[in-house]
Amino acid sequence: MREFFGFGGYTRPAEGYLSWQHLTFVSLLVAIMLALAIWLGCKYRTRDARAQNRVLIVSAILIDSIELFKIVLLCIRHENPMHWIYNLPLFLCSIQLISLPLAAFSRGRLRDAALDFVFIFGLLGALFGTYAAGNNYAAFPVLSFDNVVSGLTHTIAGFASLYIGITGMASMKKKSIPTTFAILLGFCAAAYIVNLIWPCNYMFLMQGDGTPYDILYNLVSGSPVLYPLLVVALFLIYIAAFYAVYYGCTRRRRISAAR
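Residues numbered from 1 in each chain as written. Predicted model: local features only at pLDDT ≥ 70, side-chain atom pairs only at ≥ 80, totals over all residues. Heavy atoms only, no water.

**As for the overall build of the chain**
Alright, step 1. From N to C terminus, the chain includes 10 helices and zero strands.
Alright, step 2. In the chain, the succession of α and β elements from N to C terminus is α-α-α-α-α-α-α-α-α-α.
Alright, step 3. By the compact-globule yardstick of 18 Å for 259 residues, the chain fits well, its C-alpha radius of gyration being 19 Å.
Alright, step 4. A burial count over the chain gives 47% of its 259 residues as buried.
Alright, step 5. Sequence-distant contacts in the chain: of pairs separated by 6 or more residues, those separated by 24 or more amount to 74%.
Alright, step 6. A total accessible area of about 13400 Å² is found for the chain, and carbon and sulfur atoms account for 69% of it.
Alright, step 7. Taken as two groups, the 20 positive and 11 negative side-chain charges of the chain have centres that lie 19 Å from each other. (Helix = DSSP H or I, 4+ residues; strand = E, 2+ residues; numbered from the N terminus. Rg over C-alpha atoms; globule rule 2.2 N^0.38 Å. Buried < 20%, exposed > 50% of the residue type's maximum accessible area, 1.4 Å probe, protein only. Contact = heavy atoms within 4.5 Å. Areas by Shrake-Rupley, 256 points an atom, 1.4 Å probe, with all protein chains shown as cover. Lys, Arg positive; Asp, Glu negative; His and termini not counted. Charge placed at Lys NZ, Arg CZ, Asp CG, Glu CD.)

**Quick look at the confidence of the model for the chain**
Alright, step 1. Chain-level pLDDT for the chain is 92 on average; 97% of the residues reach the 70-or-more range.
Alright, step 2. Mean pLDDT values over the elements of the chain span from 86, in helix α10 (residues 226-258), up to 97, in helix α2 (residues 20-44). (pLDDT = per-residue confidence, 0-100.)

**Observations concerning the nonpolar core**
Alright, step 1. Core analysis: the biggest nonpolar cluster contains 60 residues, and Leu56, Leu100, Tyr163, Ile164, Leu184, Met203 and Phe235 have the highest contact counts within it.
Alright, step 2. When contributions to this core are tallied by element, the ones reaching two or more residues are α2, α3 (49-77), α4 (96-105), α5 (108-128), α7 (145-167), α8 (177-197), α9 (213-219) and α10.
Alright, step 3. What Leu100 contacts, discounting residues up to four positions off in sequence, is Leu56, Ser59, Ala60, Ile63, Val118, Ile156 and Ala160.
Alright, step 4. Phe25, Val26, Ala133 and Tyr137 belong to the second largest nonpolar core, which has seven residues in total. (Core = buried A, V, L, I, M, F, W, Y, C linked by side-chain atoms within 4.5 Å.)

**Let's talk about the packing of aromatic side chains**
Alright, step 1. Applying the stated criterion across every chain, the model contains 18 aromatic pairs.
Alright, step 2. Here Tyr10 and Phe140 contribute two aromatic rings whose centre-to-centre distance is 5.9 Å and whose plane-to-plane angle is 65°, an arrangement assigned as edge-to-face. Separated by 130 residues along the polypeptide, Tyr10 in the loop between α1 (2-5) and α2 and Phe140 in the loop between α6 (134-137) and α7 bring together distant segments of the chain.
Alright, step 3. Tyr10 gets classed as buried once you look at its relative accessible area, which sits at 18%. (Phe/Tyr/Trp six-rings, centres within 6.5 Å; stacked < 30°, edge-to-face > 60°.)

**Some thoughts on the side chain of Arg111**
Alright, step 1. Inspection of the secondary structure puts Arg111 in helix α5.
Alright, step 2. Of the side chains with opposite charge, Asp112 lies nearest to the buried Arg111, which makes no salt bridge, at 5.1 Å.
Alright, step 3. At 3.1 Å, the side chain of Arg111 forms a polar contact with the backbone oxygen of Ala103.
Alright, step 4. Discounting chain neighbours no more than four positions away, the residues touching Arg111 are Asn53, Leu102, Ala103, Ser106 and Met169. (Salt bridge = Lys/Arg side-chain N within 4 Å of Asp/Glu carboxyl O. Polar contact = N/O pair within 3.5 Å; in protein donor to acceptor, adjacent residues only side chain to side chain.)

**Things to note about the pattern of salt bridges**
Once their charged atoms are close, side chains differing in charge can pair, the charge on each being opposite to the other.
Alright, step 1. A complete count under the given rule lists four salt bridges for this structure.
Alright, step 2. Put simply, Glu3 and Arg12 hold a salt bridge, and the shortest N to O gap is 3.0 Å.
Alright, step 3. Its relative accessible area of 22% is what places Glu3 among the partly exposed residues.
Alright, step 4. For Arg12, a relative accessible area of 32% corresponds to the partly exposed category.
Alright, step 5. When the shortest N-O distance is used, the salt bridge between Asp112 and Lys173 registers 3.7 Å. Of this pair, Asp112 sits in helix α5 while Lys173 sits in the loop between α7 and α8, and the two are 61 residues apart along the sequence.

**A few points about a positive patch on the surface**
Alright, step 1. A contiguous patch of positive charge on the surface is contributed by Lys43, Arg47, Arg50 and Arg54.
Alright, step 2. By the secondary structure assignment, Arg47 is in the loop between α2 and α3.
Alright, step 3. You can call Arg47 partly exposed: its relative accessible area is 39%. (Patch = residues over 30% accessible without salt bridge, like charges linked within 9 Å, V, L, I, M, F, W, Y side chains within 5 Å.)

**A look at α5**
Alright, step 1. Across its 21 residues, α5 extends 30 Å between first and last C-alpha, which sits within 8% of the 30 Å expected from 1.5 Å per residue.
Alright, step 2. At Phe121, α5 shows its largest kink, close to 35°. (Expected span 1.5 Å × (residues − 1). Bend = angle between axes of the 7 residues up to and from the residue.)

**Re the packing of α5 against α8**
Alright, step 1. Between α5 and α8, the shortest axis-to-axis distance is 10 Å and the interhelical angle comes to 70°. Regarding the angle of α5 to α8, the classification is roughly perpendicular. In this structure, α5 crosses over α8, and the sense of that crossing is right-handed. Listed contacts from α8 to Ala113, Phe117, Ile120 and Phe121 of α5 are Thr179, Thr180, Ile183 and Leu184.
Alright, step 2. By residue class, the composition of the contact of α5 with α8 is six nonpolar, two polar and no charged. (Axes fitted to C-alpha atoms, helices over the stretch in contact; angles between N-to-C directions. Parallel < 35°, antiparallel > 145°, perpendicular 65-115°, else oblique. Left-handed = near helix turned anticlockwise from the far one by under 90°. Nonpolar A, V, L, I, M, F, W, Y, C, P; charged D, E, K, R; others polar.)

**Considering the environment of Lys43**
Alright, step 1. For Lys43, the position within the fold is in helix α2.
Alright, step 2. With 14 residues separating them in the primary sequence, Lys43 and Ile57 have C-alpha atoms 16 Å apart.

**Some points on the state of the cysteines**
Put plainly, two cysteines are in a disulfide when a covalent bond ties their sulfur atoms together.
Alright, step 1. Per the stated rule, a full pass over the model turns up zero disulfides.
Alright, step 2. Among the cysteines around Cys249, which has no disulfide bond, Cys42 carries the closest sulfur, lying 17 Å off. (Disulfide = S-S within 2.5 Å.)

This is the structure:
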């Protein structure tokens, strides 16, 4: 158990990013995520909003409970009560720690915006935070506390995204688009400020850190101005593309139904 939780440091070497152990582990997590999302999404698709929301409530409690346990344990492991500074919810994936509870427990326009945000970024974060997490799988053994917790929280967010899409809970109203942009830009600004104060790399705004962002970082030769601007631009382009694809698909569906 000491080895799994990493007390005293891991004695096992990391199997490596994109090793068969890494790919097998995350593929199992993603398969479970897909199976649960499809099963529960289809089961609750025709149920009332209150019943549909119960699944999101459980998901929100699970994702935040696991993350809180991780932060407490890491503070103990590093013998530093301030280690939580390096685990703030300021990564793109960890925004779900806030947006998913908002989607489950809030009401009105705030809830609509949170549902849309989880729907848009949950699955993307799940795939990038598992298959593309070179920063984790190159540093820690696959079956370690750090990677297991990361895999669980990312796939819970991915599950919630798929579940929201299958049940039709996302509003995807055009008037919510500015709110979605504002949420993301607000977190990016907060992440960048924290990165300047402490030696962090929230939102991967300072460097790629072994992830696919390294491609962009190398493309601009690590420019401290161009690199973070391009990362944020990619986020915004992704939101616009997601809305465009969503509206295109729903328009085709309406045309097909009319015929």
